[in-house]
Amino acid sequence: MAETSILWLRVAAVLYSLGLLHAILTLIRKRQYLFRIALGAFSLAAVLHGVSVVDQGIITGHFPANNVFESLSLCALLITLLFLFLYRRYKLESLSVFIFPLVFVMTLMASLANPVSEWPSAAVRDTLLKVHVVLVLLGYAALLLTAVAAIVYLIQERELKRKKPHQFYYRLPPLGTLDDLISKAMAFGFVLITLAIVTGSIWAFVEWKRAWIAEPKILISVVTWLIYMAMVFFRVIAGWRGRKAAVMAVAALCCSAITWAAHTQLRTLLKP
Amino acid sequence: MKLLVTGVSHKTTPVEVRECLAVPDADLPAAVKQLASSPGVNEALILSTCNRVEIMVDVDDETDPEQVTAEFLRRASAVSPESLEPYVYRHYNKEAIHHVFRVASSLDSMIIGEPQILGQLKHAYAVAREQGGLCGPLENVLARSFMVAKRVRSETGIGQMAVSVSFAAVELARKIFGSLSGKTVMIVGAGKMSELAARHLRRSGASRVLVTNRTHERAIEVARTFEGTPVEYSRFISVLPEADILIASSGAPHYLVRKEDMQRVIAARRNRPMFLIDIAVPRNIEPAVNDLDNVFLYDIDDLQEVVNANLRERIKEADHAEEIVVHEVERMLARLKVQEVAPTIAGLQEQLEQLRRVELDKARRRMGPLSPQQEEVLEALTRGIVNKIAHGPITELRRQAGKPEGVHVIDAIRRVFRLEQ
């Protein structure tokens, strides 16, 4: 991609990151934080993003969707514009919790098109990879907790619906408590996995140059992240509980197991 | 020590007989005083509740406790002891302790695990103490029984599950919501039972009560008692999404809440769970509502079913409680045995110590001034001799405590060492 276009895109990504911060705070503290500031930054970023896309189109002389990076950037821009439109029309503030991180991650990935120079040192390279691994593992732990709590919720719910108390009714915790646990574990997990995706993409970009986006590992991780995001989305927006939530949590857990299996060779990437 | 518990309870005796024996609260102190002052009686306690009347006495060795109790009954109550014979149970010593522990722990109650009996026993204990009726082993047994009851309550689930319909509703609400604080309760139609359930819910933390009734004045009246908000009857369905718990008990002959209504309500609540309690007959809420996700509908029969299951669970827990009681009885007996010989042991030690002092003083006068070192040697020598002499009899006393033939051995030791009676 053209240097100027990338520059605009990077500035836009920095502004979008405020949106990510807003989403993290809102999910964890269960209250809207920084929405005004994040929305302002988001709108400004959308303008810069537009400039970047147009710039890229003019310089290359094509419709700017020639490769993965360009189409990612374009797609993120369209989502941004759609959200801004919906927000003006319907005041759908709660959507921001998903749109902001999604747009940020997509823009970040798109801006990682042009290879940079080598790692400053081997230590930086290894540290970033280790941070990524720790974030992923913590995220998976939170996801596992979410799935277990969701299944326990399912059992207790069935017990309450059947109206004939058995062992489980007396031994398992109340639905409200489980619900709270699921919400918290899921929010933390989502934040951790999102940060892991960010660190992982940056690492892969510097390591593998332009080819990083074609790695199947990356694709699988992104799919897992999207499923995780869908789960958080349906819970916060539609209040999915019980059976649906349990199915989602187990699906996300299975996906992350596959992702983990795809990454088992990661150890060999560390410098001895 | 001779302990005897004589009693009648809901298990053995019809209420017609129990009511004749019951001691009114006002007469209790006088009755205990009379019993305690009977010849040969060391300690006495009377427990009188609607489910049981029990007379506990601790008499000295020469007195027959059965006779004392019969004598007391002949004078104090309207029924003759002979006519009571088929109903009465008697427990001696170890059995008596076991019985008292079981009663205190609510294992002998009509509803196992109900907490009132402990309070009643504590009251009887306080009255008996005030009247000077408790000063020995019986007092120890009772004091211990309170601890046993506490242990049973905390180590088993015997008192945990609700055994009344209104408490079962609260318990279910807790199972659904976890904490009830910040939850809103809505009452449709006012009745005794719904008000009772609402009151329990309010006490358990529910923060807001909405009341609706066909006659709005009645709704305002009920709302006032709960510091709640009256809602107009015609629009209560539109307010329903605000309620987490709905208690329906109106006299309406048809369903007030239908499945379609609830579908909209639960969508408006964004699937936050809702607990519906229908205690009206005929029912106010369409039963198919329970098929909806995140809606939990219980009618009066369902609540009764929960109560029955809870009772079965309590009985299961009671087995564990019985084990605790048996174990505690053994500990109590061991403690009482040691207490029995404790005065003899103390007397023996005192006697020997006195002898040692007198002899030591005599020797000192004859020897004149001694260096501190010499003093120390003398002290250690005499103490050593006394301890060696005392060791045999003390061990024997402890060993014989509580044994049937032990009385003679203890007696012999007392005589040998010239211990005052």
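Fair warning: this is a prediction, and the values are worked out from it, not measured in the lab.

Rules used in this analysis
Residues numbered from 1 in each chain as written. Chains lettered and ligands numbered in written order. Predicted model: local features only at pLDDT ≥ 70, side-chain atom pairs only at ≥ 80, totals over all residues. Helix = DSSP H or I, 4+ residues; strand = E, 2+ residues; numbered from the N terminus. Rg over C-alpha atoms; globule rule 2.2 N^0.38 Å. Buried ≥ 20, exposed ≤ 12 C-beta atoms within 10 Å, placed from the backbone. Contact = placed C-beta atoms within 7 Å. Nonpolar A, V, L, I, M, F, W, Y, C, P; charged D, E, K, R; others polar. Pairing = 2+ DSSP bridges. Right-handed = clockwise from strand over helix to strand, strands pointing away. Domains from an automatic or database assignment. pLDDT = per-residue confidence, 0-100. Axes fitted to C-alpha atoms, helices over the stretch in contact; angles between N-to-C directions. Parallel < 35°, antiparallel > 145°, perpendicular 65-115°, else oblique. Left-handed = near helix turned anticlockwise from the far one by under 90°. Core = buried A, V, L, I, M, F, W, Y, C linked by C-beta atoms within 7 Å.

### Points about the overall build of chain B
Move 1: Within chain B, the secondary structure is distributed over 15 helices and ten strands.
Move 2: Relative to its length of 421 residues, chain B is extended, with a C-alpha radius of gyration of 33 Å against a globular reference of 22 Å.
Move 3: The C-alpha extent of chain B, read off along each of the three principal axes, is 110 × 65 × 35 Å.
Move 4: For chain B, with 421 residues in total, the buried portion stands at 38%.
Move 5: Contacts spanning at least 24 positions in sequence make up 70% of the contacts within chain B whose residues lie at least 6 apart.

### Thoughts on unusual backbone geometry
Residue and element names in this part refer to chain B.
Move 1: Following Val-281, the chain continues into Pro-282 via a peptide bond in cis, with omega recorded as 0°.
Move 2: Topologically, Pro-282 is positioned in the loop between strand E9 (274-278) and strand E10 (295-299).
Move 3: Phi is positive for Ser-106, close to 65°, though the residue is something other than glycine.
Move 4: Among the secondary structure elements, Ser-106 is positioned in the loop between helix H5 (93-104) and helix H6 (116-130).
Move 5: For Ser-106, a count of 25 C-beta atoms within 10 Å puts it in the buried group.
Move 6: Look at Arg-270: it is not a glycine, yet its phi comes out positive at around 50°.
Move 7: Mapped onto the elements, Arg-270 comes out in the loop between helix H12 (259-268) and E9.

### Details of the interface of chain A and chain B
Move 1: Taken residue by residue, the interface counts 16 residues in chain A and 20 residues in chain B.
Move 2: If you list the elements that add at least two residues to the side of chain A that touches chain B, you get helix H5 (122-162) and helix H7 (175-208) of chain A.
Move 3: By residue number, the principal contributor to the side of chain A that touches chain B is H7(A), which donates four residues.
Move 4: Looking at the side of chain A that touches chain B residue by residue, the class counts come to seven nonpolar, four polar and five charged.

### A few points about the pairing of strand E8 (residues 245-248) of chain B
All names here are of chain B.
Move 1: By the alternation rule, side chains of E8 split into Ile-245 and Ile-247 and Leu-246 and Ala-248, which are all buried.
Move 2: One ladder, built from four bridges, connects strand E5 (residues 184-188) with E8; its direction is parallel. Bridging across to E8, Val-188 finds its partner in Ala-248.
Move 3: Sheet topology places E8 next to E9; four bridges connect them, and they run parallel. Counterpart to Ala-248 in the pairing with E9 is Asp-278.
Move 4: As a crossover connection, the stretch from E8 through H12 into E9 is right-handed.

### Here we look at the domain arrangement of chain A
Residues and elements named next belong to chain A.
Move 1: Partitioning chain A into domains gives domain 1 (1-114) and domain 2 (120-272).
Move 2: Taking only C-alpha atoms into account, the centre of domain 1 sits 24 Å from that of domain 2.
Move 3: Contacts between the two partners involve 15 residues from domain 1 and, on the opposite side, 15 residues from domain 2.
Move 4: It is helix H4 (residues 96-111) that provides the largest number of residues to the side of domain 1 that touches domain 2, a total of seven residues.

### Here's the deal with the confidence of the model for chain B
Residues and elements named next belong to chain B.
Move 1: Chain-level pLDDT for chain B is 89 on average; 99% of the residues reach the 70-or-more range.
Move 2: Helix H4 (residues 81-84) is the least confidently modelled element of chain B, averaging 83 in pLDDT, while H5 averages 95, the highest of any element.
Move 3: Two summary scores accompany this predicted model of the complex, namely pTM at 0.72 and ipTM at 0.76.

### Comments concerning the domain arrangement of chain B
Move 1: According to the domain assignment, chain B consists of domain 1 (2-155), domain 2 (165-308) and domain 3 (340-416).
Move 2: For domain 1 of chain B versus domain 2 of chain B, the separation of C-alpha centres amounts to 45 Å.

### Remarks on the environment of Val231(B)
Residue and element names in this part refer to chain B.
Move 1: Relative to the helices and strands, Val-231 is located in strand E7 (residues 229-231).
Move 2: Placed 150 residues apart in sequence, Val-231 and Pro-81 show a C-alpha to C-alpha distance of 62 Å.
Move 3: Not counting the four nearest positions on each side in its chain, Val-231 is found in contact with Leu-210, Val-211, Thr-212, Phe-236 and Val-239.

### With respect to the packing of helix H14 (residues 372-400) of chain B against helix H15 (residues 406-416) of chain B
All names here are of chain B.
Move 1: Packing of H14 against H15 leaves a shortest axis separation of 9 Å and a crossing angle of 155°. The orientation of H14 relative to H15 falls into the category roughly antiparallel. Relative to H15, the crossing made by H14 is left-handed. Listed contacts from H15 to Pro-393, Glu-396, Leu-397 and Gln-400 of H14 are Gly-406, Val-409, Ile-410 and Ile-413.
Move 2: A breakdown of the residues in the contact of H14 with H15 according to their chemical character gives five nonpolar, two polar and one charged.

### Some details on the nonpolar core
Move 1: One finds Ala173(B), Val185(B), Ile187(B), Leu246(B), Ile247(B), Leu276(B) and Ile277(B) to be the most contacted residues of the largest nonpolar core, which totals 128 residues.
Move 2: In terms of residue count, H7(A) provides more of this core than any other element does, 16 residues in total.
Move 3: The residues contacting Ile187(B), other than those within four sequence positions of it, are Ser194(B), Ala198(B), Val209(B), Val211(B), Val222(B) and Ile247(B).
Move 4: Ranked by size, the runner-up nonpolar core spans 46 residues in total, among them Val103(B), Leu138(B), Leu142(B) and Val325(B).

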